[in-house]
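Report on the structure
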Amino acid sequence: MTVGLSGHSALAAQGGPAGTAGPAGTVGPGRSGGPEGADGPQLPCARGPLSGAVIDRLRQGSGPLPSGRYGTADPSQADPSEAAPSNADLSDADPYGEDLQLALYVLYELHYQGFAGVADDEEWDPGLLTVRRRLEERFLGALRQDVEVAGGAQESLAGLLVEPTGEDGTGVTHYLRREGRLWQLREYAALRSLYHLKEADPHAWVLPRLRGRAKAGMAAIEFDEFGAGRAEDVHARLFADLMADLGLDTAYGRYLDQAPAEALAVVNLMSLLGLHRSLRGALIGHFATVEVTSSPGSRRLAQAMRRTGAGPAAERFYDEHVEADAVHEQVVRREVVDGLLSDEPGLDGDVAFGISATLFLEDRFAAHLLGAWRAQRSALRSP
Ligand SMILES: [Fe+2]
Ligand SMILES: [Fe+2]
């Protein structure tokens, strides 16, 4: 699967002539490496009091954590098992803002590759889990309020197929296919690497929560994403090869500091839905959205890579997804979504929510990218 929804942004794409020179702040030349750095990813720089408290705690192994329970006015309701609160109060934090999204991202990474110098056991530290839960409540509460869900799962899935095509498309992949410059493709790959270097990992968590057709279909797709038994074909590996073609650093987590909140939120949604059994319906809705929209978006990105001469591995990643995701789309619709809803019809609304929440956050990310690129600015945060 590739993420890269292409037809749902309301933004029209504009930009200058093709070229390779980027604005100040664009990604620089990379160094060689693998999808996993030898020493593990480095902790990022803080973006405010919440992320600062979480990162300090992980760096030092002790210290105050953010306080404040979203939606609970009575401070006596606070969990007495948590660490002494820092002065970072998350009840006022912008749920889509840099600080909260980075704090959540860092806490989720403890369940993936972790960070250099941070003990593996921190994954299950009760104080950190309490903070994560509160950040999730803030984020999920905002999504439930802001995301419009029109109809059930089938209507929402059908809506994914009526995206603009060809020259009329206004999304990021249309823009990149038509007129994207090499520096913009590099920025796109750097930001998408937050997911693609752990491609399909957030969705693997749902497997024990499924049964029958849904489980079998999901496992079949995940088997492909994880290379069908061949390490060199693991999609995260193929993406690292793409990054190398583009002259990017392929180390896991290398571009976290450069990723704005809009890019973090897209990945945080996957982790949120993947880690909670109660959100399994939404996770399947999210997964279906990615698989259904991946094939046409990948075709456009493969064309963009060819036009800019990005390199054979860069072309291969997206070529591979044109083929694979055309099949995955069928499996996800007929087996995973239908199988799940046959088993648990009460999850229909959750599947629809997962679809709409994915589109909502992808649209915000697209607006950020196209807004920056149209103004000839880098879409990355300054290092
Ligand atoms: Fe994939
Ligand atoms: Fe796929």
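As a reminder, the structure under discussion sits directly above these lines.
All residue numbers refer to positions counted from 1 along the written sequence of the respective chain. By the order in which they are written, chains take letters starting at A while ligands take numbers starting at 1. pLDDT decides what is reported in this predicted model: residues at 70 or higher carry local features, side-chain atom pairs at 80 or more are listed and counted, and totals for whole chains, interfaces and linings draw on all residues regardless.

The next thing to look at is helix α10 (residues 261-275). Helix and strand assignments come from DSSP, with helices taken as H or I runs of at least 4 residues and strands as E runs of at least 2, each series counted from the N terminus. The length a helix should cover is 1.5 Å for every residue beyond the first. Here α10 is 15 residues long and its end C-alpha atoms lie 20 Å apart, about the 21 Å a rise of 1.5 Å per residue gives. Buried residues are those with 20 or more other C-beta atoms within 10 Å of their own C-beta, exposed residues have 12 or fewer, and partly exposed residues lie in between; C-beta atoms are placed from the backbone. The element α10 is extensively covered by neighbouring structure, given that 14 of its 15 residues are classed as buried.

We now examine the environment of Ala-116. Relative to the elements of secondary structure, Ala-116 occurs in the loop between α2 (98-109) and α3 (126-146). A count of 13 C-beta atoms within 10 Å places Ala-116 in the partly exposed class. Spatially, the C-alpha atom of Ala-116 lies 9.3 Å from that of Arg-59, the residues being 57 residues apart in sequence. Whether two residues are in contact is decided by their C-beta atoms, placed from the backbone, lying within 7 Å. Here Ala-116 is in contact with Asp-39, Gly-40, Pro-41 and Gln-42, once residues within four sequence places are set aside.

Positive phi outside glycine occurs at Ala-200, with the angle close to 75 degrees. Structurally, Ala-200 is set in the loop between α6 (182-196) and α7 (201-204). Within the chain, Ala-228 stands out as a residue other than glycine whose phi angle is a positive 50 degrees. Here Ala-228 shows up in the loop between α8 (212-225) and α9 (235-245).

This part covers the environment of Val-332. When you line up the elements, Val-332 lands in helix α12 (residues 312-343). Each C-alpha atom of the pair Val-332 and Ala-288 lies 5.9 Å from the other, and the pair is 44 residues apart in sequence. In this structure Val-332 touches Gly-217, Ile-221, Phe-287, Ala-288, Glu-291, Val-292 and Val-337, once residues within four positions along its chain are discounted.

Right, let's talk about helix α5 (residues 172-179) for a bit. For α5, the tally of buried residues reaches six of eight residues, placing the bulk of the element in the interior. Within the span of α5, buried status applies to Val-172, Thr-173, His-174, Tyr-175, Leu-176 and Arg-177. For α5, the elements touching its buried residues are α6, α11 (280-307) and α13 (348-374).

Moving on: the packing of α10 against α13. It is the contact of α10 with α13, at a shortest axis distance of 8 Å, that shows an interaxial angle of 160 degrees. One finds that α10 runs roughly antiparallel with respect to α13. Regarding α10 and α13, the two cross each other, and that crossing is left-handed. Counted together, Glu-262, Ala-263, Ala-265, Val-266, Leu-269 and Leu-273 of α10 and Gly-354, Ala-357, Thr-358, Leu-361, Glu-362, Arg-364, Phe-365 and His-368 of α13 form the full contact between these two elements. Under the grouping applied here, Gly and all other residues not named as nonpolar or charged are polar, the nonpolar ones being Ala, Val, Leu, Ile, Met, Phe, Trp, Tyr, Cys and Pro and the charged ones Asp, Glu, Lys and Arg. Grouping the amino acids of the contact of α10 with α13 by side-chain chemistry returns eight nonpolar, three polar and three charged. Fitted lines through C-alpha atoms give the axes, limited to the stretch in contact for helices. The angle between two N-to-C directions lies from 0 to 180 degrees. Throughout, the term roughly parallel applies to angles under 35 degrees, roughly antiparallel to angles over 145, roughly perpendicular to angles from 65 to 115, and oblique to all others. Helix crossings fall into two classes, left-handed where the near helix is turned counterclockwise from the far one by less than a right angle and right-handed where it is turned clockwise.

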